[in-house]
Amino acid sequence: QVQLVESGGGLAQAGGSLRLSCAASGRTFSTYAMGWFRQAPGSERQFVAAITWSGRVTYYADSVKGRFTISGDNAKNTVYLQMNRLKPEDTAVYYCAARNSYSDPSRGDGYDYWGQGTQVTVSS
C-alpha cells in the first residue's frame, strides 16, 4: 500500500501562484509514476500532470502547459505541482495519485493509489 497526503492548496488571485505537495509513504519503492488530477464541482475528474519516478519524464494537460510544472524529490518521496499564472478555471479539488506500472498517464483508471485531495480556489 502507498499512502498519499496532499498539501499546499488554498486561495489565490488570478495571475498568482500556488505550490502543491504530495508526500508518499508505505511501499513507495514500487511506484512507477505519480500524477495530479483535479475535479471541479459538477465536472468530471481531469488530468493535470504526471511524472515518471525514474526517468523524470513529464506529461501535461494542454490547459496547464506552460503554467504548471510537476517535479519530484525521490529522497523525500514527494511530488510537487508548481502552479503559476493561475486562472479562475483552475479552481478545483486537486488529487495526487500514484501508479505501479506503465499506462497512459492521463487516464485516472491507471492509478493505484489516491490522496484525499486539496482545495484550490482562484478568484478573479
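Anything mentioned here points back to the structure above.
Owing to the predicted nature of the structure, the values given are computational and were not obtained by experimental measurement.

Q: Is there a simple way to think about the sheet that holds strand E3 (residues 18-26) in this case?
A: Taken in spatial order, the four strands of this open sheet run E1-E3-E8-E7, and their pairing is antiparallel. Single-partner strands in this sheet number two, and they are strand E1 (2-7) and strand E7 (68-73). Shown here is a sheet whose adjacent strand axes are inclined to one another by a mean of 15°, direction ignored.

Q: What should I look at first to understand the pairing of strand E11 (residues 118-123) in this one?
A: Here is the key point about a regular strand: its side chains alternate between the two faces of the sheet. Only one face of E11 is covered, namely the one carrying Thr-118, Val-120 and Val-122; the face carrying Gln-119, Thr-121 and Ser-123 has none of its residues buried. Where strand E2 (residues 10-13) and E11 come together, four bridges link them in parallel fashion. When the sheet's bridge partners are listed, Gln-13 is paired in E11 with Ser-123. Across three bridges, the pairing between strand E9 (residues 92-99) and E11 is antiparallel.

Q: It is not clear to me how the nonpolar core should be interpreted in this structure. Could you clarify?
A: When a protein is soluble and globular, its nonpolar side chains tend to lie buried together. Residues Leu-4, Met-34, Trp-36, Val-79, Leu-81, Met-83 and Tyr-94 are the most contacted members of the largest nonpolar core, which totals 33 residues. Elements represented by at least two residues in this core include exactly E1, E3, strand E4 (33-39), strand E5 (46-52), E7, strand E8 (78-83), E9 and E11.

Q: Which parts of the structure should I look at to understand the state of the cysteines?
A: In protein structure, a disulfide is the covalent linkage between the sulfur atoms of two cysteines. The tally for this structure, following the rule as stated, stands at one disulfide. Across a sulfur-sulfur distance of 2.0 Å, Cys-22 and Cys-96 are joined as a disulfide pair. As the torsion about the S-S bond is roughly -80°, the Cys-22-Cys-96 disulfide counts as left-handed. One end of the pair, Cys-22, is in strand E3; the other, Cys-96, is in strand E9, and 74 residues separate them in sequence. In this structure, Cys-22 and Cys-96 share a single accessibility class: buried.

About the thresholds
- Residues numbered from 1 in each chain as written.
- Predicted model: local features only at pLDDT ≥ 70, side-chain atom pairs only at ≥ 80, totals over all residues.
- Heavy atoms only, no water.
- Pairing = 2+ DSSP bridges.
- Helix = DSSP H or I, 4+ residues; strand = E, 2+ residues; numbered from the N terminus.
- Axes fitted to C-alpha atoms, helices over the stretch in contact; angles between N-to-C directions.
- Buried < 20%, exposed > 50% of the residue type's maximum accessible area, 1.4 Å probe, protein only.
- Core = buried A, V, L, I, M, F, W, Y, C linked by side-chain atoms within 4.5 Å.
- Disulfide = S-S within 2.5 Å.

Nothing here speaks to function; it is geometry throughout.
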